[in-house]
Each structure stands twice: as C-alpha cells, then as structure tokens.
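Structural overview for review
One-letter residues, chain by chain:
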Number of protein chains: 2
Amino acid sequence: MPVIVPVILCGGSGTRLWPRSRASKPKPFLPLVGDSTLFEAAVLRCPAAGGFAPPVVVTGHKHLDHVEQQLAGAPGAQVIVEPSARNTAAAIALAAYRLPEDAVMLVCPSDHHIGDADAFAAAACAAADLAAEGWLVSFGIEATTPETGFGYLKRGEAISGTGYRTAQFVEKPDLERAKAFLAEGIYAWNGGIFAFRVKDFLAELTAHRPAIAAGVADAVAKGTEDGQRFHPDAATFAAVPSDSVDYAVMENTTRAAMVPADMNWSDIGNWHALHEALDRDDNGNSVRGIGDVELVDCRNVLVDSDGPRVSVIGLEDVIVVVDGNDIMITTVSGVQKVGKLSGAVNQ
Amino acid sequence: MPVIVPVILCGGSGTRLWPRSRASKPKPFLPLVGDSTLFEAAVLRCPAAGGFAPPVVVTGHKHLDHVEQQLAGAPGAQVIVEPSARNTAAAIALAAYRLPEDAVMLVCPSDHHIGDADAFAAAACAAADLAAEGWLVSFGIEATTPETGFGYLKRGEAISGTGYRTAQFVEKPDLERAKAFLAEGIYAWNGGIFAFRVKDFLAELTAHRPAIAAGVADAVAKGTEDGQRFHPDAATFAAVPSDSVDYAVMENTTRAAMVPADMNWSDIGNWHALHEALDRDDNGNSVRGIGDVELVDCRNVLVDSDGPRVSVIGLEDVIVVVDGNDIMITTVSGVQKVGKLSGAVNQ
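Quick summary incoming for the structure in this document. (Residues numbered from 1 in each chain as written. Chains lettered and ligands numbered in written order. Predicted model: local features only at pLDDT ≥ 70, side-chain atom pairs only at ≥ 80, totals over all residues. Heavy atoms only, no water.)

Quick look at the environment of B:Pro26 now. Residues and elements named next belong to chain B. Looking at where proline 26 falls in the secondary structure, it is placed in the loop between strand E1 (4-10) and helix H1 (38-44). Exposure remark for proline 26: the relative accessible area of 0% places this residue in the buried category. Counting along the chain gives 15 residues from proline 26 to glycine 11, while the straight-line C-alpha distance between them is 8.1 Å. (Helix = DSSP H or I, 4+ residues; strand = E, 2+ residues; numbered from the N terminus. Buried < 20%, exposed > 50% of the residue type's maximum accessible area, 1.4 Å probe, protein only.)

Given below as structure tokens:
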C-alpha cells in the first residue's frame, strides 16, 4: 500500500445544527458524537500506525484557531490557509501542489461522522491501491435510506477485488428515483471522500479546468510559509474559479472509480441525522451535554443542553437544544428549517 | 347593598405550574395573565369604589413578604398570618372572628383568574344581598366543559332575581357524569368563592364543627396585633381541626344558596388552563415573558421565557416554559404530570 496523505477539508457555516453549531464555532469543531470533535475524529481516523502520513488541513482564516487547537496532538501536520473560499476543486489543488506527485491523497471532509473506523481504514487502503494505479477513486457509501439530499454513484464493472468503475454520477435525485436506486442495489452515496494520486488529480484538473489548475499553481508558487501554516497568495487565489471537485474532475474523468464503504457514515447534516448517529435508550431517546434531563413519556427525543435542566413530558420525534441564550426545539420533520431560523441566519 | 369585606385566602404550593411557579414564589404572586399577579388582581377586583371594604388577607408565614409587597396599594388592608395551615374552614373563621358580626364577607381564593370583572362585581352584589338575608352563598361558576377536577353545585329553586337554593353539592365527578351535568344545564362549578354574613357563618360553623369554631375563637382572642398584621395564637391554632369550608359548613347548612357567575373564570390549575386563559394569535399560539420567541409551523403552542431566546419548529399543543436554570416542555395532554417532575417535587 502506498503512503496515504490525509487531506482534510475544513470549513462550514454552521446553520443547520444551530444553536449548538455557530458561525464562530461550526460543526467540525464540536463534540457532536462521542467525546472527540468531528475534526479531531477525522484526524484520528488516519493514524501513522495505519500507514498514513501527517495530515494536510485546508481551512479558512476564521477557523484557523479551532484547527490549530484541535490539531495539537498531530505531529507534522500542515495547515493550508485559504485566503478565500473557492470550493473543493481549488482546495484539493492547494494540497496537491504542496505534495510530491506520486503521493496518494485521501480527501476527507471534517464534518462527517464515521462510526466504523475499521471499515473506513479498509476502504482507504483499497482506494489508495486503486489511486496508485491511476484511478480517481470515490468512497461509495452504502445507501441505507432513499436520501434526496445526496449525490449518488452508480457502480460499474469491477476493476479490482474491491473496486469498481464509477458508471455514473447522479445529482440529488427526487424521492421516487432515490427509492429506485435503493432497490436496485448498485447505487451508493457520494460522501465527498476521495483518493487521488497527486499527478493524476492535477492532470485531470488541468485537462478539464485549466484555469483552476493554473491559478492554484500560481497562488502556491507565490505563497508563504509560516511555521506549520502555508498561505497561498491571496490576490491570485481570489481569481481562481469556484467549482466542486465533483463537477470539475470526477464527472469528466474517464478513470473514475469507487470502493464501497459500509462504515456507519453520517453527514450529520441536520439535527435528525445527528440523533440517528447517537446511542439511544430503549425509547429511542438520547441525552447529550451537561444539563440534567428528565424525560417522561417521551419517544425518539434528543435533548442536548449546555447547562440548564430540561424536563420534558409527552413529546415524540422532537429535538431540544440549549446553547447559551438560545433554546431551539424542532420536530424531526422540521429539521430542514433550522438553518432558516432568525437566530441561525443573523449570527 | 351591604358593605362587603373581601376575605382573600392566599396559599398554594406551586408544583403544577412549575417551573414558573416555585415553592418560594407560588402561583398567586405571579403575573400569569396580564400584567397583574393573580393576588393583585384579586385585590383589584374589590375596589372601594365598588362598595368593598379594605381586604382581609389570610396567609401563611412563608408568603407574607409577597403578600405585603403586592398589597402596597391597598389602604386599610389587614393581614392575618396563619401560624399553620388548617384548611379553609379555619382560615375563614379567623377573618370572621376579626370582623363585626353583621359584616358580609366575600371569600375569594387568590390563585384564580377572572376575565370579566364586571360579571364578578355583579355576582358579588347579588351574593352579598342574599348573604345579608342570612343565606350562605356560593358563586356557581358557569360550567363550560365537562371538568372532572372540580366540585359541582346543583341549582335548586329560585330565591331572588338572581339567586337559587343550592340543591346539592357534588364532589368531583367522573367524565360521564360531568358530561351529563353539562348537558342538564343546572350544574355549576364550585370555584370556592363565597359570600357569608359573619354571624351566620359562625353560627353554622359552631353548629356543625364546634371544635373549629371554638379553637379559632380562642386563637383569635389570644392573638397579637402587629401593625397591619394579626397573629393568632400559634399553639391554640395548631390544635384546630383541619377541614374545608365545603365539608364543614356548606354541605351541612340548610341555607346554602348560589348565584350564577359567568365571568370567564379559570382556576389556572395547570399550564393548559393557563394557555386557555391567555390571548392567542390566529394559530392558537401565545407568547409570554421577556425572551424573544420565534414560532415556525406551530399551532396551540405557549412559550413563556424569562430571558433566553426560544425558537420552535413544527410543534402542536405544546407548552414551553423557561425559568432560571429550568426548561420545561410538555404536551397539553401531559400537563397533569408537571407537578411530579423531579424539579417540581424537589424544590
């Protein structure tokens, strides 16, 4: 297996998990599941003992303090500070231009939860092996529900013991199509986890989005080192087109592959998804945080309090979050509206 | 019309409206409906301009501070401080032994809400007129729902333009009986509001509960004045039997009468009853307190916050109360369990 360099993408605006997630401390930096933050967990999933090189973190100015504080235990880590947000194609290219051309990058979002670290490690190895052969590899996350909020990967012909060509990238489908995908069994979720050899990624980016490749190369060439930080040139980077890696590279390359990953993954994309990722009692209830909680006649209730005592009677499928001066209460079916609450919008 | 002396009974333990109502500041002393507290409203309903004498308040040591603070604007008020709690027969007798024998007492609980003050005043006049003729008069509160938590009064023959004999006192009925009462139309709720001439009340008490009458007379005779306060003798009062005025007097006298009172009355006996007494918007929602509140897709929701912002999505028939370090959330159907929450029990 080649050495794998974790490239951890770290951003997020923090409205869908408001009020716990805030613009000033968004989702990756919160201990939403277990005791580690999602960012810490992303770093811990790629240990040196598992064949991983020290991580490269790509983040923005406003999250730099959180990143460096939570990276404390990761020797050799490098932090690339984006002068502005130019989406994932440019973010990954920043890391690529800083790495040897034969290195294999494992691109990981830092705002997802992965319950089964062993399954993640196995998929990472399989993906890295394919990447070392020149494939651009997506993790194909086992679809367990007909989600309409994710992109899907259609499995093509087998190219290794565990890998397949990606036959098709499918944008967020409607519910009917999502149900059909689930029934068909050859569609997986696209969770934004990728393995690329540096030179292959850059070649494909240059072929399909030459302006992004050239712009990022220039921003890195003119950039400055500052301890573990690297600052790409701001003016140059600001001119780089903003595009996702999916659009820019994955949907264009002829060498898209996927490895299936059944690893108890969640994007923790809203409070319901977080509740699903947590341990529950026999009534489906979960309690997080440090406030005392009493639940009477409740089912499928999540209470997360940062201090005050919360006493609840008779609720079902409801989420209660207490954070500072904010109390947010939503039904499971209302979680998509959390980000539009005035408290979340006017941060 | 005779001069009427309001006798305001003021106690309460404060568990059913927890966490707003606390042992240290129970229901009568809170501004639950409108800007006045229930106690203040009870005093204000009996103004000098309406033919009322200054009030006599009967309360316990632990509520004395609240009573005196909230009585500030009531000149001539007298406060009888119960050395111990001996129920309503003894409490009313304390006031009776301090008043002229021809005075008419209007006995009022201080933990109820009355929306229609004019209807109250009219019923008080009618009741006082009957009391001045020697009747022991209950307010017969118009029954609007088949409540199983109240006692009922059955209307008998007419004895004046607005008064009737009380044909029967009925303890809390089951639902089927309560529905039958409502259908029959001659049953009213017993809200614990009474008009008695002092000498008639004491004569009936002496006839049916001589130990209470004698004990209270003795406690008053041995009592001490202290400004507007009067302290009955503690040891003597402690030996007085504990009984309600309903059992001790009303169910035994042959001169029980009632005046109908349709005055938008509520005992505010739980959070649902409070919500029913409040103004609501077109969706049935009410907001109380000083915290910002945002309601999205909510119906029949009451939010009462003493500070924190509360944002709610998708709830129906739910009550949310924020008080100090406590957040209480209950469905309407769960309100009877509020008093059993550990926060309410362990005050």
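With that settled, consider the environment of A:Val303. Mapped onto the elements of the fold, A:Val303 is located in strand E16 (residues 299-305). Residues A:Val303 and A:Asp243, spaced 60 residues apart in sequence, show a C-alpha to C-alpha distance of 37 Å.

All names here are of chain B. Among the secondary structure elements, asparagine 285 is positioned in the loop between helix H10 (271-277) and strand E14 (286-289). Residue classification places asparagine 285 among the buried residues on the basis of a relative accessible area of 5%. Reaching out from asparagine 285, the side chain makes a polar contact with the backbone nitrogen of asparagine 300 at a distance of 3.0 Å. For asparagine 285, the side chain forms a polar contact with the main-chain nitrogen of valine 301, separated by 2.8 Å. The contact partners of asparagine 285, leaving out residues within four places of it in the chain, are His275, Asp279, Arg280, Leu295, Cys298, Arg299, Asn300 and Val301. (Polar contact = N/O pair within 3.5 Å; in protein donor to acceptor, adjacent residues only side chain to side chain. Contact = heavy atoms within 4.5 Å.)

The next subject is the environment of B:Val321. Summarising the element assignment, B:Val321 is placed in strand E18 (residues 316-323). Through-space distance from the C-alpha of B:Val321 to that of B:Leu17 is 9.4 Å; in sequence the pair is 304 residues apart.

For the pair chain B and chain A, the relating rotation is 180°, the translation along its axis is 0.1 Å, and the fit reaches an RMSD of 0.1 Å. Taken together, the rotation angle and the small translation identify this as a two-fold axis. Comparing contact sets, 100% of the residues at the interface of chain B also lie at the interface in chain A, consistent with an isologous, same-surface contact. (Least-squares fit on C-alpha atoms with pLDDT ≥ 70 in both.)

Residue and element names in this part refer to chain B. Applying the stated rule across the entire model yields 18 aromatic pairs over all chains. Relative to phenylalanine 139, the ring of phenylalanine 120 has its centre 5.9 Å away and its plane inclined at 40°; by these criteria the two rings are tilted. Separated by 19 residues along the polypeptide, phenylalanine 120 in helix H4 (residues 117-132) and phenylalanine 139 in strand E6 (residues 136-142) bring together distant segments of the chain. Accessibility assignment for this pair places phenylalanine 120 and phenylalanine 139 in one class, buried. Measuring from ring centre to ring centre gives 5.9 Å for tryptophan 189 and tryptophan 265, while their planes differ by 55°; the resulting arrangement is tilted. Taken together, the residues tryptophan 189 in strand E9 (residues 187-197) and tryptophan 265 in strand E13 (residues 265-266) connect sequence positions 76 residues apart. (Phe/Tyr/Trp six-rings, centres within 6.5 Å; stacked < 30°, edge-to-face > 60°.)

Quick look at the sheet that holds strand E14 (residues 286-289) of chain A now. A sheet is described by the order of its strands in space; here six strands give the open sequence E14(A)-E16(A)-E18(A)-E19(A)-E17(B)-E15(B), paired in mixed fashion. Among the strands making up the open sheet, the edge pair consists of E14 of chain A together with strand E15 (293-296) of chain B. Here the strands of the sheet are splayed against their neighbours by 5° on average, with no regard to which way each runs. Where strand E19 (residues 326-331) of chain A meets strand E17 (residues 309-313) of chain B, five bridges bridge the pair, whose relative direction is parallel. (Pairing = 2+ DSSP bridges. Axes fitted to C-alpha atoms, helices over the stretch in contact; angles between N-to-C directions.)

Turning our attention to the sheet that holds E18(B). One open sheet accounts for six strands, arranged E15(A)-E17(A)-E19(B)-E18(B)-E16(B)-E14(B); its pairing is mixed. Edge positions in the open sheet fall to strand E15 (293-296) of chain A together with E14 of chain B, since each of these has one partner strand only. When the angles between neighbouring strand axes are averaged without regard to direction, this sheet yields 5°.

With that settled, consider the packing of helix H3 (residues 87-97) of chain A against helix H6 (residues 198-208) of chain A. Residue and element names in this part refer to chain A. Contact geometry for H3 and H6: axes closest at 10 Å, N-to-C directions at 135°. Between H3 and H6, the angle is such that the two are oblique. Of the two possible hands of crossing, H3 and H6 adopt the one that is left-handed. Taking contact as the criterion, the partners of Ala89, Ile92, Ala93, Ala96 and Tyr97 in H3 are, on H6, Val198, Phe201, Leu202 and Leu205. A per-class count over the contact of H3 with H6 returns nine nonpolar, no polar and no charged. (Parallel < 35°, antiparallel > 145°, perpendicular 65-115°, else oblique. Left-handed = near helix turned anticlockwise from the far one by under 90°. Nonpolar A, V, L, I, M, F, W, Y, C, P; charged D, E, K, R; others polar.)

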